[in-house]
Amino acid sequence: LLGSFFTFAVAGAVGSPLPPPPPRPGLPMLAGPRPAAAPTSGPIIQFAAPVYDFGRADAGDIVKHTYKFKNTGNQVLVVNNVQPSCGCTAAGQWTREVKPGETGTIPIQFNSRGYRGIVGKTITVLSNAKNEPRKYLMLKGTIWMPIDVFPTYPVLSVTPEQPASSKVVTITNNTEGPVAVFAPAVNNPGLQVELRTNQVGKAYELVVSPAKPLPKSSLRGQITLRTSLPKLPELTITAFLNYQPLIQVWPSGVFLPPGPLPGKYVSTLTFFNHSTNALTLSDPVLSGPDGKVRNVKVALNQIQPGRFFNVKLTFPEGFQVAQNETYTFSIKSNKPAEPEITLPLHQFVRPTLRPAPYVPVLPKVSPHKPVVSPHRPVPASLFPPASSAK
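Residues numbered from 1 in each chain as written. Predicted model: local features only at pLDDT ≥ 70, side-chain atom pairs only at ≥ 80, totals over all residues. Heavy atoms only, no water.

J.: Any details on the overall build of the protein? Residues and values, ideally.
T.: Scanning the protein from terminus to terminus reveals one helix and 26 strands. Residue pairs in contact within the protein that sit at least 24 positions apart in sequence constitute 65% of those at least 6 positions apart. Split by element, the accessible area of the protein, about 25700 Å² in all, is 57% carbon and sulfur. (Helix = DSSP H or I, 4+ residues; strand = E, 2+ residues; numbered from the N terminus. Contact = heavy atoms within 4.5 Å. Areas by Shrake-Rupley, 256 points an atom, 1.4 Å probe, with all protein chains shown as cover.)

J.: Summarise the packing of aromatic side chains; cite the residues concerned and give the values.
T.: In total, this model carries seven aromatic pairs according to the counting rule given. Ring geometry for F54 against F110: centres 6.3 Å apart, planes inclined by 35°, an arrangement best described as tilted. On the criterion of sequence distance, the pair formed by F54 in strand 2 (residues 51-58) and F110 in strand 7 (residues 103-111) is long-range, its members being 56 residues apart. When sorted by exposure, F54 lands in the same class as F110, which is buried. Joined through ring pairs, the aromatic side chains of F54, F110 and Y115 make up one cluster. (Phe/Tyr/Trp six-rings, centres within 6.5 Å; stacked < 30°, edge-to-face > 60°. Buried < 20%, exposed > 50% of the residue type's maximum accessible area, 1.4 Å probe, protein only.)

J.: Before we move on, could you go through the pairing of strand 9 (residues 134-144) and cite the residues and values that matter?
T.: Sheet analysis places strand 2 next to strand 9, joined by six bridges and oriented parallel. Of the residues in strand 9, the one forming a bridge with V51 is M138. Pairing of strand 8 (residues 117-127) with strand 9 involves 10 bridges; the strand directions are antiparallel. Note that in strand 9 the partner of I118 across the bridge is T142. Where strand 8 hands over to strand 9, the hairpin turn is made up of six residues, counted between the paired strands. (Pairing = 2+ DSSP bridges.)

J.: Requested: an account of the sheet that holds strand 5 (residues 89-91), with residues and values cited.
T.: Strand order across the open sheet formed by four strands is 1-3-7-5, with antiparallel pairing between neighbours. Where the open sheet ends on each side, the last strands, each with one partner, are strand 1 (45-47) and strand 5. Averaged over all pairs of adjacent strands, the angle between strand axes in this sheet comes to 30°, irrespective of strand direction. As defined by bridge partners, strand 3 (residues 62-71) adjoins strand 7 across nine bridges and the pair is classed as antiparallel. (Axes fitted to C-alpha atoms, helices over the stretch in contact; angles between N-to-C directions.)

J.: Report on the confidence of the model for the protein, specifying residues and quantitative values.
T.: Summary statistics for the protein give a mean pLDDT of 85 and a share of 83% for residues scoring 70 or more. Long-range and interchain partners of residues 1-17, a stretch whose pLDDT sits below 50, account for zero contacts in this model, where long-range means more than four residues apart. (pLDDT = per-residue confidence, 0-100.)

Have a look at this one:
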């Protein structure tokens, strides 16, 4: 009997839920954060559809849409400003004041010129609404290109050892009818372009290459092609040419503080070899108006054989470049394309401190009493004429 009672008690304890423990004295019961109650008074803004999907549009089309909203509050709603996310999206004349229960509109237009693929634009609406004083609207869709250009931004990388770099840009007509593409024009003489026809009216190639002689610096050029398509009469391609010298020098010259130098000064030049073959540097020289400068020590150091060098120029105390004097640093290399590297020497000019202009501080003059200076005689004109005695 005792065993049966024990089994019944344990089964009852397991099967029935235990009551929650009482709160400990001194510790308040913690509750989760309560959601903020929606405002019930004041101006309330409600949009019928804050997101507009225009589907598909041709590149260059103007997408127009009007957002509608209603004031569900009990006070006048004032729309202070409508701010599109970029210049391609513009807002028209929107409804600035909406009485309770009435509706307003915000017209928007998006210029799809220059866009391709999936796009999304946001419009910020600022108002005195109690529920959403800053409301974000969305305009999204897909821009279909009647003519595909790939890549839109071709990049060419050239060196003196490999100057024949070129990039092929494909031009594909996606429309049903034929489209003619006319001879291109480029606004930078450092680039040359050639248009090839793979399939008349359908497929073209544009070959972009550096001009000859090879430019000695990086550049950018804009290529323009006219087409026979009314919706897309012009194609614009921006090409970049990255010129990498065989030997890169940093900095681009020898720079000294204003002279005469107050003490010994060391200037360091660093040389990087970007070619495939090893680099050899020799005969570093600093030359002045009278030839080689003797009182400046020049030391060539090879940090990484054939790849990385530096040159330290130690200038003595009192060194100064006189006006109209020219100093240059030169060093020889084993590269036929760059047999000698020449860099200028610049010494900054100490700024001339000009004294501030003297501004005299004039004392306040009373209209009834003249000011008498202890150093200068008082002009008689300051004193009124004495009245004649009767």
